[in-house]
Amino acid sequence: MVPIDRQALNTRIVERGKELYAAIESEKPSLFQEWRWVGKTMGWLLRHEELRTDALRFIDVFPSLATPPILIDHLEEYFGSSVSLPAWLRWTLRHASCGGRLATTVLAKTVHYTMRKLGRQFIIGESANEAVQRLSRIRREGCAFSVDILGESVLSEAEAERYGTLYMDLLKALGPARKEWSPLGAEQKTNDLDWGFHPKFSVSLKPTSLYSQGRPQNFDGSVEGMVARVRPVYEKVLENGGSLCIDMESYQYKDLSLEVFKRLRAEYPAHPHLALAMQAYLLDTDRDLAQLLDWSVSHGLPICIRLVKGAYWDYEVIRARQNSWDIPVFMSKSETDAAFERQALLILKHHPTAFLACGTHNIRSIAAVMEAAKALGVPDHRYEFQVLYGMAEPIRRLLARITGRVRLYCPYGPILPGMAYLVRRLLENTANQSFLRLVFADKMDILGLLAEPSEAASERGAVAGFSGKTDRGPAKEGIHEGCQPGRFLNEPAADFTKKEERSLFAQVITVVRQEMGKVCPLFINGADRTTRDILPSLNPADPADVIALVSQAGKAEVEEAIGAAQAAFARWSKVESPVKAGYLRRAAAWMRSHRYELAAWQIGEIGKQWDQASADVAEAIDFLEYYAREMVRLDGPHALPSPPGELNQYFYEPRGVCAVIAPWNFPLAITTGMVSAAVVTGNCVVYKPSPLTPAIGRNLVEAFRAAGLPAGVFNYVPGRTEVIAEYLINHPWITTIAFTGSTQVGLRIIENAATVRPGQTTVKRVICEMGGKNAIIIDEDADLDEAVPAVLVSAFGFQGQKCSSCSRVIVLDSVYDRFIDRLIDAAQSLPVGPAHDPAFVLGPVCDHQAQTRISGYIDVAAVEGKILYSGKTPAGSNYVPITIVGDIRPEHRIAQEEIFGPVLAVMKVKTFGEALEWANSTRFALTGGVFSRSPRNLNEAKMRFQVGNLYLNRHITGAMVERQPFGGLRMSGLGTKAGGAEYLLHFMDRRVVTENTARRGFSPDLL
Ligand SMILES: Cc1cc2nc3c(=O)[nH]c(=O)nc-3n(C[C@H](O)[C@H](O)[C@H](O)COP(=O)(O)OP(=O)(O)OC[C@H]3O[C@@H](n4cnc5c(N)ncnc54)[C@H](O)[C@@H]3O)c2cc1C
């Protein structure tokens, strides 16, 4: 193949771009034609940037606004105070909001009309028959199509099956219609293929719409599930003489989609028209594409690739930033554009085995493909152009004229549920860097837009793409290892989209398994100690499986540990804060380098699923890093207002020996949080782990040992609660007790701590996090695509055994049925089984006692309310069925008592006010959530929903250190906020020193 002269190629691309532009310069896509209703709306959106977010949010909520009054309320809430609305609209809105019937009717009709028009712009039809009619028309106009079915997010297997049926119905309608269509490309009509080489219809689908349980950590299982669902649709496509394209979704499903594509392609080797969409904006795509092309050549399987830039850019950036993961997309538009050209060129170079579908509306990108194809001598039948229905009509018509090979991507489905697609398209077309906007709305100079996308950027992209790394994520190494602690950044939990992460995780679980079953000694005054009293710690999924043989401390050992801590305190309390912080950061570094092992212990000893275990370890590291920085910040002395001649200062000092009583549900994270706070503030610690998770607790010994923490500062005493717990907290030398656990135990500790015992010199302080009875409110305009999975993960994640878990869901009457139906379907789809297998989302509860207690509550639920759903449990120990119980009222026990298991009470209310009242009707106030798209209701919740941590429009578990300081009010806790800026203060006392600096009438500060 003749090497390409890139400079000459670029000159030809620019020339070609100018020609293309000149041919359509006088035209406008319908989206930007201001004499049309849709164009007017777009024009308004573009002119009023300040309202763009509200407008897109309004379009997003619109499908759930069931009645004119609700619609008017929302219009008022979103736009009532805006001066940018046209005068007539403002006037009508004002009258409608005051109850004017005529104004309400006019406004509601106008909004409905506008939304339908907007929807219709991008959606080909609402039913299969309507779609087929419109598709036939598109073919008469000389374009091919790929049809896709729109709908709500698929949250359950029932919904996935319904989606599958829709595809089958579509294919039933397309099959016969196909026979009526003449092939496109007049001269090749004989073989009944478009242009002589392509089936007459194409169907696009997203694997997650046919299989709801796809999860990166369960990679093989997810691929199997997806292939099993896509296969019958594909077979039907083939039976009817069509082709299939697998759309590309968000990054987390990228590798799954690639694998599904390869499996199907290999399964049907005689059908070369199976296509896969690939996104140029992904850093991985250079590598993925090269590998896929190699695969195709080595397997002798020709493939089709629809190359697009990618539609989820904002989502990918947000998701990566929130999780502290590497950002998977390019951060500049020109890098994406350059990658698109680079990748198109690569596919064209492979034209004997790879067919390119060029999916873009950008004239520069189109010209680049045309000129590259020409330079490489690629035959016409090895590439085509694709555009989205409703966008860029002049470009589409021009391409049809010049090349004859244009395919329209045509979504169909009911317009209202399809609004998410509409929002994505509007977001794209109104984005500042959208090619269509810049050309057709902003009238930007075309030469600038045809310029070669940044060369430097593209080279960096190619390198980053191959290495899979980006320097745009948090600069972790510098921050964690440098001498100066930098800004705190949350530690990323494992990103299971990465193959290396998944396989390493699985390997380490196997290795750690070999370590289990050994003796777990105490750790007192810097030395391991075994005792004769040994208790086994058991795997909750299999009580015959011994995780560790744990030496039990008796009173003598506790006494010894307290003595060691008291002795160490004299030295440790005087260590400089940065030095103490250094120990924490070294422990964090050790945990970071053992993060898989630490997670594996949690999977074995307490049944945390892969993602839950990994998140727990990340949180533990966060506590160490965060409190280390906090202590440096709090290091004194601190200045107080001081007039001349007087110096006022304060500083913090540690309190003495601190007892830490930790729970089993966040066995490493919460333990590390409490212990590290006590240690870094200069206290010495005696730590009693939960009897259910002593081996996990022992990991903290190893972390501090690796950090070189002096002997006696941290002592580890697992033991029988009834033998040592009260002895420990009542000991006169204990000054501070840090506890996280049930309200019942917390209150007893507080009561005990109030009693002064002989030899005691300090009033004990209790730092206490207790239970919750957390509620999520589902408002009438809630986005159920978001609310259902969020309730599911909040209520049933780790079997509902988090103090922040959702145990009540309070649903507005008008959405009750739809919400409950979807929730039950989704709950029914959750696979249950042991935690070491990533196929399972739920596992057993912590032990037999818990199982019995929760089962008792399920009996109560059946009496107080109506069991709406009771899940199946696998054979094995300690499983409790997911239980959803309806007709629950505030006075019921199920609505008041903490259950700590996968039991969800559903409460139906008439108004949002009533929902808030019911949400507040327990003695607890830990976490809470609201799903609503009403700004007024969200505001009201902020003011009136009395919980320590309120989450709006998201799940209610998984508070992040620094971002969401965690802790409850009322009977949920004493208001200390773990992971927040004030937390360390609870472990210290503040001393104020006032010095008279004047001597005989002069003061240094006046000199
Ligand atoms: C037929 C067809 C099928 C499609 N199928 C899919 C699919 O399966 N999956 C999918 O994800 N998308 C799909 N898309 C959408 C596509 O990914 C683009 O969102 C859309 O086409 C706009 O890109 P453009 O080249 O037309 O316009 P342009 O205006 O040239 O490019 C816009 C694109 O540039 C990228 N971008 C914007 N800002 C930045 C930035 N700051 N840094 C880096 N990159 C940036 C984004 O990808 C954005 O969509 C499809 C598009 C078509 C035409």
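A quick note: this is a predicted structure, and the numbers were derived from the prediction, not measured.

1. Section: the confidence of the model for the protein chain
Residues at a pLDDT of 70 or more form 96% of the protein chain, whose mean pLDDT is 92. Low pLDDT (under 50) marks residues 458-483, which in the prediction has 52 contacts with non-local residues, meaning those over four places away or in another chain.

2. Considerations on the packing of aromatic side chains
This model, assessed by the stated rule, comprises 27 aromatic pairs. Taken together, a centroid distance of 6.5 Å and an interplanar angle of 50° make the contact between F58 and F62 tilted. Take F58 and F62: they sit in the same class, and that class is buried. Pairing Y687 with F714 gives two aromatic rings, centres 5.9 Å apart and planes at 20°, and the pair type is stacked. Of this pair, Y687 sits in strand β17 (residues 684-688) while F714 is found in strand β18 (residues 714-716), placing the two residues 27 residues apart along the sequence. Given a relative accessible area of 1%, Y687 falls into the buried group. Members of the aromatic cluster, each reached through a chain of ring pairs, are F488, F623, Y626, Y627, Y983 and F987. The lysine or arginine in question, K608, covers the ring of F666, its NZ or CZ lying 4.0 Å from the ring centre.

3. Overview of the pairing of strand β25 (residues 903-909)
The side chains of a regular strand alternate between both faces of the sheet. Of all seven residues that make up β25, six are buried, and the element is covered over most of its length. Pairing of strand β24 (residues 883-886) with β25 involves three bridges; the strand directions are parallel. Considered in β25, the bridge of T883 is made with V903.

4. Examining the nonpolar core
One finds M591, Y627, I777, I778 and F819 to be the most contacted residues of the largest nonpolar core, which totals 179 residues. Residue contributions to this core peak at twelve residues, all from helix α26 (residues 610-634). Residues in contact with M591, not counting those within four places in the same chain, are L598, A620, I621, L624, L668, T672, L700 and A703. Within the second largest apolar cluster, 145 residues are counted, among which are A96, L135, L356 and V439.

5. Quick word on the sheet that holds strand β13 (residues 542-551)
Across the sheet, which stays open at both edges, the three strands sit in the order β9-β13-β12 with mixed pairing between neighbours. The two strands at the open ends of the sheet, each matched to only one other strand, are β9 (518-520) and β12 (534-539). Strand-to-strand twist across the sheet, computed as the mean angle between neighbouring axes with direction ignored, equals 45°. Sheet topology places β12 next to β13; six bridges connect them, and they run antiparallel. Note that in β13 the partner of L538 across the bridge is V546.

6. Notes on the sheet that holds β24
Here we have seven strands laid out as an open sheet, ordered β23-β24-β25-β22-β21-β27-β28, and mixed in their pairing. Lying at the two open borders of the sheet, with one neighbouring strand each, are β23 (866-870) and β28 (949-952). Averaged over all pairs of adjacent strands, the angle between their axes in this sheet comes to 20°, without regard to strand direction. Of the strands in this sheet, β21 (774-778), β22 (806-812), β23, β24 and β25 are in contact with helix α32 (residues 813-828), which crosses β22 at around 140°.

Each value, and the rule that gives it
Residues numbered from 1 in each chain as written. Predicted model: local features only at pLDDT ≥ 70, side-chain atom pairs only at ≥ 80, totals over all residues. Heavy atoms only, no water. pLDDT = per-residue confidence, 0-100. Contact = heavy atoms within 4.5 Å. Phe/Tyr/Trp six-rings, centres within 6.5 Å; stacked < 30°, edge-to-face > 60°. Buried < 20%, exposed > 50% of the residue type's maximum accessible area, 1.4 Å probe, protein only. Helix = DSSP H or I, 4+ residues; strand = E, 2+ residues; numbered from the N terminus. Lys NZ or Arg CZ within 6 Å of the ring centre and 35° of its normal. Pairing = 2+ DSSP bridges. Core = buried A, V, L, I, M, F, W, Y, C linked by side-chain atoms within 4.5 Å. Axes fitted to C-alpha atoms, helices over the stretch in contact; angles between N-to-C directions.

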